[in-house]
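This is what each chain is made of:
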2 protein chains.
Amino acid sequence: MSGDTCDDIMAATYRALCEHGYAAVTTQDIADEASVSTAALHYHYDGKDDLLVDFLEFLLERFERVHDLRSGATADERLANLFDSVLGDADAGRSDFLAVMVELRAQAAHDEAYREHFDRSDRLIRERIAAIVRAGVGDGTFRDVDPDAVATFLKTTLDGAMVAAATTDRADHEAVRAELDAYVRDRLLAPGAD
Amino acid sequence: MSGDTCDDIMAATYRALCEHGYAAVTTQDIADEASVSTAALHYHYDGKDDLLVDFLEFLLERFERVHDLRSGATADERLANLFDSVLGDADAGRSDFLAVMVELRAQAAHDEAYREHFDRSDRLIRERIAAIVRAGVGDGTFRDVDPDAVATFLKTTLDGAMVAAATTDRADHEAVRAELDAYVRDRLLAPGAD
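Residue indices begin from 1 for each chain and proceed along its sequence in written order. All chains are assigned letters beginning with A, and all ligands numbers beginning with 1, in the order in which they are written. The predicted nature of this model means local features are confined to residues of pLDDT at least 70 and side-chain atom pairs, given and counted, to a pLDDT of 80 or more, with totals for whole chains, interfaces and linings taken over all residues. Only heavy atoms go into the side-chain values, all of them from the structure, while hydrogens and water stay out.

Quick notes on a negative patch on the surface
All names here are of chain A. Rule in force here: Each patch is assembled from residues with relative accessible area greater than 30% and no salt bridge, linking like charges that lie within 9 Å and nonpolar side chains (Val, Leu, Ile, Met, Phe, Trp, Tyr) that lie within 5 Å. For every accessible area listed, the method is Shrake-Rupley and the probe measures 1.4 Å; residues are considered covered only by the protein chains on display. Think of a salt bridge as a Lys or Arg side-chain nitrogen and an Asp or Glu carboxyl oxygen that are within 4 Å of each other. Charge counting follows a simple rule: Lys and Arg are positive, Asp and Glu are negative, and His as well as the terminal groups are ignored. Each charge is placed at NZ for Lys, CZ for Arg, CG for Asp and CD for Glu. A run of H or I in DSSP counts as a helix once it spans at least four residues, and a run of E counts as a strand once it spans at least two, with each numbered from the N terminus. Accessibility here uses a 1.4 Å probe with only protein chains present; expressed as a share of the type maximum, an area under 20% marks a residue as buried, one over 50% as exposed, and anything in between as partly exposed.
Judged by side-chain charge, Asp 46, Asp 50, Asp 54 and Glu 61 come together as a negatively charged surface patch. Its location among the elements puts Asp 50 in helix α4 (residues 48-66). With relative accessibility at 35%, the residue Asp 50 sits in the partly exposed group.

Below you can see the structure in the form of structure tokens.
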């Protein structure tokens with residue numbers, strides 16, 4: 001299918017997921033949102049989960065555009081920009097999106113295709129964060145920390161914050177952000193670097 | 001129903017959830033595991049989700065027994081014991097349990113009864129962690145940090161680690177643990193306290 005059709009189907013998948021949730025959404029809902037026939041969808045996808053795993057791949061490709069990991073002059077500025085973009089202001093649309101992501105991620109607990117996706121996307125995102133930390137260690141901004149361990153820790157905390165936002169009524173991003181900043185300052189920044 | 005019957009049903013619910021997963025498990029599966037009639041289950045519960053929310057309450061009551069938050073002489077030892085018990089050695093049974101918890105938590109993205117449960121259980125667990133941090137600030141073990149913000153941050157990171165363990169093939173608890181220890185040392189411990 002053409003790139004435009006693909007983008008249309010991905011946008012329709014997103015809207016249908018937000019409206020119906022993972023368990024209730026059908027390929028018919030997605031076809032209706034995209035104004036295509038279900039036959040056209042079934043030509044490309046074996047079913048709902050096949051389409052949804054492809055949707056996750058689409059989101060992963062967009063990750064770098066949404067979360068620009070190269071903006072910022074120094075390693076600590078780049079991490080702060082990442083925290084901003086993941087823990088940014090919650091609006092209603094974002095809350096729907098987080099709910100969908102948490103539901104899709106839960107499928108990985110028992111479905112191999114989802115598990116493979118999240119395994120790979122976690123690794124890719126962690127590698128991007130580790131590259132920022134490694135550069136910071138290299139140019140003396142950060143202490144001599146283990147970039148992979150730090151990246152795993154930060155990714156884990158950001159994932160936890162997204163799960164909390166999707167599944168509870170509290171907005172605790174402010175507290176998480178304050179302590180992430182404290183961690184960067186007290187654990188990562190080299191003495192005299194700030 | 002008697003306490004013993006209740007415990008039997010909760011244990012049966014746990015086994016049935018681990019075997020079938022959230023989406024597939026039925027009250028019939030749980031009744032079979034508990035060797036009771038489905039009529040007996042339906043006498044106490046309106047359906048599967050009503051029973052599962054009660055199961056989550058049962059787990060929450062057990063939380064303090066499983067994660068003993070009072071063991072340890074100092075605040076940093078108590079936090080280390082908490083990290084040990086949450087990020088302890090993964091065995092097959094524990095991995096099944098985490099998968100079940102992540103699936104149940106995902107229901108909170110769109111189901112009010114699950115949402116109320118996780119809202120309340122998150123708050124309760126955070127308050128227990130905050131009490132440890134507050135005691136540490138009070139006796140000079142920790143710096144003058146915000147106990148609630150620190151507790152939210154730690155709970156968020158531990159939740160993220162459980163989600164990662166349930167939904168990916170990686171075992172990154174070692175890296176998360178190393179950086180949690182570094183956070184306690186560099187961010188929380190008062191100079192000269194260790």
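What about the nonpolar core?
Just so we agree on the cut-off: We call a set of buried residues a nonpolar core when its members are Ala, Val, Leu, Ile, Met, Phe, Trp, Tyr or Cys and they connect through side-chain atoms within 4.5 Å of each other. By definition, residues are in contact when any of their heavy atoms lie within 4.5 Å.
Counting residues in hydrophobic clusters, the biggest one holds 54 residues, and the most contacted among them are Leu 79 and Leu 154 of chain A together with Leu 79 and Leu 154 of chain B. Apart from residues no more than four positions distant in its own chain, Leu 154 of chain A is found in contact with Leu 79, Phe 83, Ile 129, Leu 180 and Tyr 183 of chain A. Of all hydrophobic cores here, the second largest spans 25 residues; its members include Ala 12, Val 53, Ala 108 and Tyr 114 of chain B.

So, the relation of the copies chain B and chain A
Here is the rule we go by: When the copies are superposed, the least-squares fit takes in the C-alpha atoms of residues with a pLDDT of at least 70 in both.
Note on the copies: chain B fits chain A at an RMSD of 0.0 Å, the axial shift is 0.0 Å, and the rotation between them is 180°. Accordingly, the operation relating the two chain copies is best matched by a two-fold axis. Both copies contact each other with a shared surface, as 100% of the interface residues of chain B are interface residues in chain A too.

A few points about the environment of Phe 118 of chain B
Secondary-structure assignment places Phe 118 of chain B in helix α7 (residues 112-138). Under the relative-accessibility criterion, Phe 118 of chain B is labelled buried at 4%. Note: C-alpha distance between Phe 118 of chain B and Glu 57 of chain B (61 residues apart in sequence) is 9.5 Å. The contacts of Phe 118 of chain B, once residues within four sequence positions are left out, are Thr 167 and Thr 168 of chain A together with Leu 56, Met 101, Leu 104, Arg 105 and Ala 108 of chain B.

Brief notes about the interface of chain B and chain A
Put simply, the rule is: By buried area we mean how much accessible surface two parts lose on assembly, using a 1.4 Å probe and totalling the loss over both. The definition of a polar contact used here is a pair of N or O atoms within 3.5 Å, where within protein one atom must be able to donate a hydrogen and the other to accept one, and adjacent residues in sequence count solely through side-chain atom pairs. Each residue is assigned to one class: nonpolar for Ala, Val, Leu, Ile, Met, Phe, Trp, Tyr, Cys and Pro, charged for Asp, Glu, Lys and Arg, and polar for all the others, Gly among them.
At the junction of the two partners, chain B supplies 41 residues and chain A supplies 41 residues. Overall, the association of chain B and chain A removes approximately 3600 Å² of surface from exposure, summing both partners, and the carbon and sulfur fraction of that is 57%. Summed over the three residues of chain B that lose the most area to chain A, namely Phe 153, Thr 167 and Glu 179 of chain B, the buried surface amounts to 17% of that side. Here chain B is connected to chain A by six salt bridges. Taking the shortest distance from any N to any O, the salt bridge between Arg 187 of chain A and Glu 179 of chain B comes out at 2.9 Å. Applying the counting criterion to the chain B and chain A interface returns 13 residue pairs in polar contact (both at pLDDT 80 or more). Looking at the side of chain B that touches chain A, the elements with two or more residues in it are α6 (92-107), α7, α8 (147-167) and α9 (173-188) of chain B. Of all the elements, α8 of chain B adds the most residues to the side of chain B that touches chain A, at 13 residues. Taken together, the residues of the side of chain B that touches chain A break down into 19 nonpolar, seven polar and 15 charged.

With respect to the side chain of Asp 172 of chain B
Positionally, Asp 172 of chain B belongs in the loop between α8 and α9. Not counting chain neighbours up to four residues away, the residues in contact with Asp 172 of chain B comprise Arg 126 and Thr 152 of chain A together with Ala 164 of chain B.

Remarks on the packing of aromatic side chains
As a reminder of what qualifies: Put simply, two rings from Phe, Tyr or Trp (the six-membered ring, in Trp's case) pair if the centres are within 6.5 Å, and we call them stacked under 30 degrees between planes, edge-to-face over 60, tilted for the rest. Should the NZ of a Lys or the CZ of an Arg lie within 6 Å of a ring centre and within 35 degrees of the ring normal, that charge is described as sitting over the ring.
Within the structure shown, the criterion is met by seven aromatic pairs over all chains. Centroid distance Tyr 22 of chain A to Tyr 114 of chain A: 6.3 Å. Interplanar angle 85°. Geometry classified as edge-to-face. In this pair, Tyr 22 of chain A is assigned in helix α1 (residues 3-24) and Tyr 114 of chain A in helix α7 (residues 112-138), connecting sequence segments 92 residues apart. We note that Tyr 22 of chain A, like Tyr 114 of chain A, is buried. Where Phe 153 of chain A meets Tyr 183 of chain A, the ring centres are 4.8 Å apart and the plane angle is 45°; that geometry is what we call tilted. Of the two residues, Phe 153 of chain A sits in helix α8 (residues 147-167) while Tyr 183 of chain A sits in helix α9 (residues 173-188), which places them 30 residues apart along the sequence. The residues Phe 153 of chain A and Tyr 183 of chain A share a single accessibility class, namely buried. Through pairs of rings, three or more aromatic residues link up here, namely Phe 153 and Tyr 183 of chain A together with Phe 153 and Tyr 183 of chain B. Across the ring face of Tyr 22 of chain A, the terminal group of Lys 48 of chain A is positioned such that the distance to the ring centre comes to 4.6 Å.

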